[in-house]
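# Examining the three-dimensional arrangement
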Amino acid sequence: MLKNKILSSLLAINIFIAGCLFFNFTNEDAIKQESDFRKNYHVHALHLPENFSFAGEKFNFKDAEVAERFDREVMVNTYWQSQTLITLKKIHRWFPVIEPILKENSLPDDFKYLAVAESNLSNAVSPSGAAGFWQFMPAAAREYNLTINTEVDERYHLEKATMAACNYLKQSKQTFGSWMLAAASYNMGVDGVQKALTTQKVTNYDDLLLNEETSRYLFRIAAIKYIYENQRQMGYNLQPYDLYDPYTFQMITVDSSITDLAQFAINQGVNYKKLKLLNPWLRNNSLTNVEKKVYQVKILKEAKTFRMYNDSFFKADSLK
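Let me begin by describing the structure that accompanies this report. (Residues numbered from 1 in each chain as written. Predicted model: local features only at pLDDT ≥ 70, side-chain atom pairs only at ≥ 80, totals over all residues. Heavy atoms only, no water.)

By the definition in use, this model includes ten salt bridges. Here K112 ties to E99 by a salt bridge, and the two come within 2.7 Å at their closest N and O atoms. Taken as a pair, K112 in helix α4 (residues 112–119) and E99 in helix α3 (residues 81–104) lie far apart in primary sequence, 13 residues in all. Relative accessible area serves as the criterion here: at 25%, E99 is assigned to the partly exposed category. (Salt bridge = Lys/Arg side-chain N within 4 Å of Asp/Glu carboxyl O. Helix = DSSP H or I, 4+ residues; strand = E, 2+ residues; numbered from the N terminus. Buried < 20%, exposed > 50% of the residue type's maximum accessible area, 1.4 Å probe, protein only.)

In structure tokens:
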């Protein structure tokens, strides 16, 4: 019995010593981790340019309120790393589609950033029902000759929706004489901007007091432009292989009805998913083309393989 008591006491002592050692180890480890964190992690205010323009029109940064609004949007979008990083990857895929259409319609190239601000270059749907890269509401879409029915919704047709956006913006520019005001009207409507200008007795965007959303809107567009044009300085280090490549495709002309788009896709050597990937404006599994309109359907060619790292990349030896 005495032997058992001695063994029990020794076991208790060993457990106590081990606990003390573990406590000291974890405490020292936590202190080191905290020290490393303080040494290596820093959040900085961002350097901003003295002059910056949108569509050839300069912001008045001598007005502190204007400069601070720009500063806010640059900070928000720079430090929203996940969203901004994905957007920078997607820009490589979609700007080559948007840029030529802007050029053909004599719009400043900067309006490609408006599409980013509207939808982050995705076929998003807003709570109010706006849809597509350019976020057209149904009534506005029809006004600019975009077809919307149960089978076709051309708000999701990037080329046609970009053309419609160009037409809207050109008309707004004719109304206001300013690309900045045209961009603001894309968010709050031509009537809303006109009313604000008249009520406040001013003539330019920088002097307008607008609602919170529109007040931030143009500066978000400008911030996206600034980050994209100065990626390295803003901390974004993407290699060419990190970017999402444009899709390669062939065009199929369709001027009759298609009763089963899934089977149509298979007949073209792809599947329904890949058909819809490039033609999101097709909203159903059929295309009842009673009026025999001519549609151009994209058929995906073999896409480049996105670079993925194998397990060996993550081994310590390969990261030295």
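This brings us to helix α2 (residues 64–78). With 15 residues, α2 should cover 21 Å at 1.5 Å per step; its first-to-last C-alpha distance of 21 Å lies within 8% of that length. At its buried positions, α2 is contacted by α3 and α9 (212–229). For α2, the capping residue at the N-terminal end is D63, with a side-chain oxygen 3.0 Å from the backbone nitrogen of E65. (Expected span 1.5 Å × (residues − 1). Contact = heavy atoms within 4.5 Å. Polar contact = N/O pair within 3.5 Å; in protein donor to acceptor, adjacent residues only side chain to side chain.)

Turning next to the pairing of strand β4 (residues 295–300). Most of β4 is tucked away, with five of its six residues classed as buried. Where strand β3 (residues 249–254) lies against β4, six bridges are found, and the strand directions are antiparallel. Within β4, the residue paired with F249 across the bridge is L300. (Pairing = 2+ DSSP bridges.)

Okay, a nonpolar patch on the surface next. Taken together, the side chains of Y41, V43 and Y79 define a hydrophobic patch exposed on the protein surface, amounting to about 320 Å² of accessible area. On the secondary structure map, Y41 appears in the loop between α1 (2–40) and β1 (53–54). (Patch = residues over 30% accessible without salt bridge, like charges linked within 9 Å, V, L, I, M, F, W, Y side chains within 5 Å. Areas by Shrake-Rupley, 256 points an atom, 1.4 Å probe, with all protein chains shown as cover.)

Moving on to unusual backbone geometry. If you check the backbone angles, S106 has positive phi at about 60 degrees while not being a glycine. Structurally, S106 can be placed in the loop between α3 and α4. Exposure remark for S106: the relative accessible area of 60% places this residue in the exposed category. In this model, K292 sits at a positive phi of 55 degrees, which is unusual for a non-glycine residue.

Contact geometry for α2 and α9: axes closest at 8 Å, N-to-C directions at 60 degrees. When the axes of α2 and α9 are compared, the pair comes out oblique. Note on packing geometry: the crossing formed by α2 with α9 is right-handed. Together, V66, R69, F70, R72, E73, V74, V76, N77 and T78 of α2 and E212, S215, R216, F219, R220, A222, A223, Y226 and I227 of α9 make up the contact between the two elements. For the contact of α2 with α9, the per-class residue count stands at nine nonpolar, three polar and six charged. (Axes fitted to C-alpha atoms, helices over the stretch in contact; angles between N-to-C directions. Parallel < 35°, antiparallel > 145°, perpendicular 65-115°, else oblique. Left-handed = near helix turned anticlockwise from the far one by under 90°. Nonpolar A, V, L, I, M, F, W, Y, C, P; charged D, E, K, R; others polar.)

Within the secondary structure, K90 sits in helix α3. Although K90 is buried, it forms no salt bridge, and the closest oppositely charged side chain is E118 at an N-O distance of 14 Å. The residues contacting K90, other than those within four sequence positions of it, are N120, L121, S122 and Y244. (Lys, Arg positive; Asp, Glu negative; His and termini not counted.)

With that out of the way, let us pick up the packing of aromatic side chains. Applying the stated criterion across every chain, the model contains 20 aromatic pairs. Seen from their ring centres, F52 and Y226 are 5.6 Å apart, and the 90 degrees between their planes marks the pair as edge-to-face. With F52 in the loop between α1 and β1 and Y226 in helix α9, this residue pair connects regions lying 174 residues apart in the sequence. For F52, a relative accessible area of 9% puts it in the buried group. Taking the centre distance of 5.8 Å and the plane angle of 75 degrees together, the rings of F95 and Y228 count as edge-to-face. With F95 in helix α3 and Y228 in helix α9, this residue pair connects regions lying 133 residues apart in the sequence. In this structure F95 comes out as buried when scored by relative accessible area, which is 2%. Feature note: the residues F52, F59, F61, F70, Y205, F219 and Y226 constitute an aromatic cluster, connected by ring pairs. Geometry around Y247 places R93 over its ring, the cationic atom sitting 4.2 Å from the centre. (Phe/Tyr/Trp six-rings, centres within 6.5 Å; stacked < 30°, edge-to-face > 60°. Lys NZ or Arg CZ within 6 Å of the ring centre and 35° of its normal.)

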